[in-house]
Amino acid sequence: MVLLVLINIQNYYYGAKAAPQVPCYFIFGDSLVDNGNNNQLSSLARANYLPYGIDFPNGPTGRFSNGKTTVDVIAQLLGFDGYIPPYSAARGQDILRGVNYASAAAGIREETGRQLGDRISFSGQVKNYQNTVQQVVNLLGNEDQAANYLSRCIYSIGLGSNDYLNNYFQPLYYSTGRQYTPEQYADLLIQQYTQQLQAFYNYGARKFVLIGVGQIGCSPNQLAQNSPDGRTCVKRVNDANVIFNNKLRGLVDQFNNNNSDAKFIYINAYGIFQDITANPARYGFRVTNTGCCGVGRNNGQITCLPLQNPCPNRREYVFWDAFHPTEAANTIIATRSYSAQSPSDAYPIDIRRLAQL
């Protein structure tokens, strides 16, 4: 498995240009995978300035990391030449390779992230995808050809983090934490998630990758605010994330049972992350609880500021800033999503096998 992944990465870097394993890759999500859609928005959730992108070939692009995001690495592993363009910049034939619709601060719920300014919610991303489908129909000539083409593409969806970080656990701005138990809130999120997945299905999507929420309670931001020693993860936050993830995994079974012509898989980002933070040395990490760039306790109270000097040894940090992983951590999460290292990484199959279907 790991050998195969390394061969794919080598092929990518050393120019053995095989055709991609799928014709296109569509990406929906939040700041973990936004690659520039928020750059033109009136939002505090933007990363189009140094030191963001300090290790990325094109410098700052709007990616919330020092370098590549998980979907950048997955695109490479799938055999794509270059990066999937953001919706804000995707034009013409470009869209046939796929589009990234992700928007920092976006959530499953409409109101999520509003205190940070403009963002494109999950439903907004779905609408943008529907616009793209119309363009694909025009480019390919008719709806049947478009439907056949889109049915072979991979759809990666990773939302939910902000519904906790910038909604449920923000009592100053939102009442959801007082209105709902974690169980009730997860049910509400899954209900809305289900509707959006159905919309994707109605618009041609057949290969779905649902990415679970990570260990938000272990982020430098949560450790800075709510951990007595700055090391112990915040249990109530992680417990709520686990409830959501279990329901999301259940959604995979539900959709697979109801749609024989589609395939849904779940990526256990929480479990992969847990393994990295429990065994950092195995992955070359030394610092698991502090951002490489940021301000205050754990570098987690204020996120990375323009032209701030980040840590020099970025490869040794799991977190780049208060919330987001470094390229090094993203690469491990992506590699294990593509080719599962442990049976719990992906359910029921990994992205590599989904691409082959």
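For the chain, the name recorded in an unreviewed UniProt entry is GDSL esterase/lipase, with Citrus sinensis as its organism.

Q: Sorry if this is basic, but what is going on with the sheet that holds strand β7 (residues 346-347) here?
A: Think of a sheet as strands paired side by side through backbone hydrogen bonds, with each pair either parallel or antiparallel. Strands sit in the order β1-β2-β3-β4-β7 across an open sheet of five strands; the sheet is mixed. At either end of the open sheet lies a strand with only one pairing partner, and these are β1 (25-29) and β7.

Q: Help me out: how do you make sense of the state of the cysteines in this one?
A: Where two cysteines share a covalent bond between their sulfur atoms, that bond is called a disulfide. Across all of its chains, the model carries four disulfides by this definition. Note on cysteine connectivity: C24 is disulfide-linked to C153, with sulfurs 1.8 Å apart. On the S-S bond that ties C24 to C153, the torsion sits near 50 degrees, and the link is right-handed. Here C24, found in the loop between α1 (2-13) and β1, pairs with C153, found in the loop between α4 (143-150) and β2 (154-158); they are 129 residues apart in sequence, far enough to count as distant. When the cysteines engaged in disulfides are numbered in sequence order, the chain pairs them as 1-2, 3-4, 5-8, 6-7.

Q: Honestly, the side chain of N38 in this entry has me stumped. Any pointers?
A: Counting through the fold element by element, N38 comes out in the loop between β1 and α2 (70-77). A distance of 3.0 Å separates a polar side-chain atom of N38 from the backbone oxygen of A45. Polar contacts involving the side chain of N38 include one to the side chain of S103, which spans 2.7 Å.

Q: Teacher, can you tell me more about unusual backbone geometry here?
A: Peptide bonds are trans in most cases, and residues, glycine excluded, mostly fall at negative phi. Each neighbour pair has its own omega, and for L50 with P51 the value is 10 degrees, a cis peptide bond. Mapped onto the elements of the fold, P51 is located in the loop between β1 and α2. Cis geometry marks the peptide bond from Y347 to P348, where omega comes out at -10 degrees. Among the structural elements, P348 can be located in the loop between β7 and α12 (351-356).

Q: Which parts of the structure should I look at to understand the packing of helix α10 (residues 269-278) against helix α11 (residues 327-338)?
A: Relative placement of two packed helices is described by the angle separating their axes and the distance separating the axes. Following both chains from N to C, one finds α10 and α11 inclined at 130 degrees, their axes separated by 10 Å at the closest point. As judged from the angle between their axes, α10 and α11 are oblique. Seen from above, α10 lies across α11 with right-handed handedness. Touching I272, F273, D275 and I276 of α10 are I332, I333, R336 and S337, all from α11.

Q: What is the right way to look at the packing of helix α3 (residues 122-140) against helix α7 (residues 182-202) in this model?
A: Across the interface, α3 lies against α7 with an axial gap of 10 Å and an inter-helix angle of 5 degrees. Considered as vectors, α3 and α7 are oriented roughly parallel to each other. In this structure, α3 contributes F122, S123, V126, Y129 and Q130 to the contact, and α7 contributes Y193, Q196, A199 and F200.

Q: What is the right way to read the pairing of strand β5 (residues 287-291) from this model?
A: A regular strand carries its side chains on alternate faces of the sheet. In terms of burial, β5 is largely enclosed, as four of its five residues are buried. Pairing between β5 and strand β6 (residues 317-319): two bridges, direction parallel. Following the sheet pairing, V287 is matched in β6 by Y317.

Q: Help me understand the packing of aromatic side chains in this model?
A: For any pair of aromatic rings, the description rests on two quantities: the centre-to-centre distance and the angle between the ring planes. Counted under the stated rule, the structure contains 31 aromatic pairs. Taking the centre distance of 6.2 Å and the plane angle of 70 degrees together, the rings of Y164 and F244 count as edge-to-face. You can see Y164 sitting in helix α5 (residues 161-168) and its partner F244 sitting in helix α9 (residues 235-258), a full 80 residues away along the chain. The class for Y164 is buried, based on a relative accessible area of 0%. F244 gets classed as buried once you look at its relative accessible area, which sits at 0%. Looking at R206, its charged tip hangs above the ring of Y201, at a distance of 3.7 Å from the centre. If you follow R315 out to its NZ or CZ, it ends over the ring of F285, 5.1 Å from the centre.

Q: How do you make sense of the side chain of D345 when you look at a structure like this?
A: Within the element layout of this structure, D345 appears in the loop between α11 and β7. Residue classification places D345 among the buried residues on the basis of a relative accessible area of 1%. Here the side chain of D345 touches R336 through a polar contact of 2.9 Å, side chain to side chain. Separated by 2.9 Å, the side chain of D345 and the backbone nitrogen of Q341 make a polar contact. When near neighbours in sequence (up to four residues on either side) are disregarded, D345 contacts Y266, I267, N268, I272, R336 and A340.

Q: Just to check I follow, could you spell out α2 for this structure?
A: For the α-helix, the turn length of 3.6 residues means that residues three or four positions removed from each other point alike. Of all eight residues in α2, eight are buried, a share of seventy percent or more. For α2, the complete set of buried residues consists of T70, V71, D72, V73, I74, A75, Q76 and L77. Just downstream of α2 lies G79, where phi reads positive at about 95 degrees.

Q: Would you explain the pattern of salt bridges in this entry?
A: Oppositely charged side chains may form a pair once their charged atoms are brought near each other. For the structure on display, the rule yields twelve salt bridges. Of the charged contacts, one joins K247 and E183 as a salt bridge, the two residues approaching to 2.8 Å between their closest N and O atoms. Placement of K247 in helix α9 and of E183 in helix α7 is noted, with a sequence separation of 64 residues between them. Given a relative accessible area of 40%, E183 falls into the partly exposed group. Residues R206 and D261 are paired through a salt bridge, measuring 3.0 Å at the closest nitrogen-oxygen approach. On the criterion of sequence distance, the pair formed by R206 in the loop between α7 and β3 (207-211) and D261 in the loop between α9 and β4 (263-267) is long-range, its members being 55 residues apart. Put simply, D275, R282, R336 and D345 are held in one network by salt bridges that share partners.

Calculation notes
- Residues numbered from 1 in each chain as written.
- Predicted model: local features only at pLDDT ≥ 70, side-chain atom pairs only at ≥ 80, totals over all residues.
- Heavy atoms only, no water.
- Pairing = 2+ DSSP bridges.
- Helix = DSSP H or I, 4+ residues; strand = E, 2+ residues; numbered from the N terminus.
- Disulfide = S-S within 2.5 Å.
- Polar contact = N/O pair within 3.5 Å; in protein donor to acceptor, adjacent residues only side chain to side chain.
- Axes fitted to C-alpha atoms, helices over the stretch in contact; angles between N-to-C directions.
- Parallel < 35°, antiparallel > 145°, perpendicular 65-115°, else oblique.
- Left-handed = near helix turned anticlockwise from the far one by under 90°.
- Contact = heavy atoms within 4.5 Å.
- Buried < 20%, exposed > 50% of the residue type's maximum accessible area, 1.4 Å probe, protein only.
- Phe/Tyr/Trp six-rings, centres within 6.5 Å; stacked < 30°, edge-to-face > 60°.
- Lys NZ or Arg CZ within 6 Å of the ring centre and 35° of its normal.
- Salt bridge = Lys/Arg side-chain N within 4 Å of Asp/Glu carboxyl O.

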